[in-house]
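# Structural overview
Each chain, written out:
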Amino acid sequence: MELALAAAGGAEADRTLLEPLCAAAERAWLARLQEGVSEEDCGEALLCAAAFTAAADLEAEGGGVAAFSAGDISVRLQSGGENARAARLRQAAERLMEPYVRAAGLWAQGVEG
């Protein structure tokens, strides 16, 4: 949580939103783990990646959150593109977790063309 707060710029007012964002980011990273890889195998990379992802979610759209709900975590951001800082945070999270997770992109096996 403290890492996410620092990555997000350290505004104490962001803590309320960052807590559920961190939890949701951690669940998302755990869902992408490669077969046979455990949470413990990731060590601190998982915590850092979750913190960076949560900070990027907060930073996206210039921090413009349009709606937020706590039940089953739902965050809707205002329209527009993701800013460069949020993109860098996401890239850092991907690099940290790269040895442990399946690729996030779309791919097809055995498809001709």
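Located above this text is the structure these notes cover.
From a predicted model like this one, the values you see are computed outputs, not experimental measurements.

Under the 1.5 Å per step criterion, the end-to-end length of helix α2 (residues 15-31) is 24 Å for 17 residues, consistent within 8% with the ideal 24 Å. What α2 keeps buried is the set Leu 17, Leu 18, Pro 20, Leu 21, Cys 22, Ala 25 and Trp 29.

Attention now moves to the side chain of Arg 32. With respect to the helices and strands, Arg 32 occurs in the loop between α2 and α3 (39-42). Here Arg 32 is in contact with Glu 94, Tyr 100, Val 101, Arg 102, Ala 103 and Ala 104, once residues within four sequence places are set aside.

The next subject is the nonpolar core. Counting residues in each nonpolar core, the largest one holds 27 residues, and the members touching the most others are Leu 18, Trp 29, Phe 52, Leu 58, Leu 89 and Met 97. Those elements that provide at least two residues to this core are α1 (2-7), α2, α4 (44-63) and α5 (84-97). With ten residues, the top contributor of residues to this core is α4.

The first and last C-alpha atoms of α5 sit 20 Å apart over 14 residues, in line with the 20 Å expected at 1.5 Å per residue. The backbone nitrogen of Arg 85 has a side-chain oxygen 3.2 Å away, supplied by the residue at the start of α5, namely Asn 83.

Analysis parameters
Residues numbered from 1 in each chain as written. Predicted model: local features only at pLDDT ≥ 70, side-chain atom pairs only at ≥ 80, totals over all residues. Heavy atoms only, no water. Helix = DSSP H or I, 4+ residues; strand = E, 2+ residues; numbered from the N terminus. Expected span 1.5 Å × (residues − 1). Buried < 20%, exposed > 50% of the residue type's maximum accessible area, 1.4 Å probe, protein only. Contact = heavy atoms within 4.5 Å. Core = buried A, V, L, I, M, F, W, Y, C linked by side-chain atoms within 4.5 Å. Polar contact = N/O pair within 3.5 Å; in protein donor to acceptor, adjacent residues only side chain to side chain.

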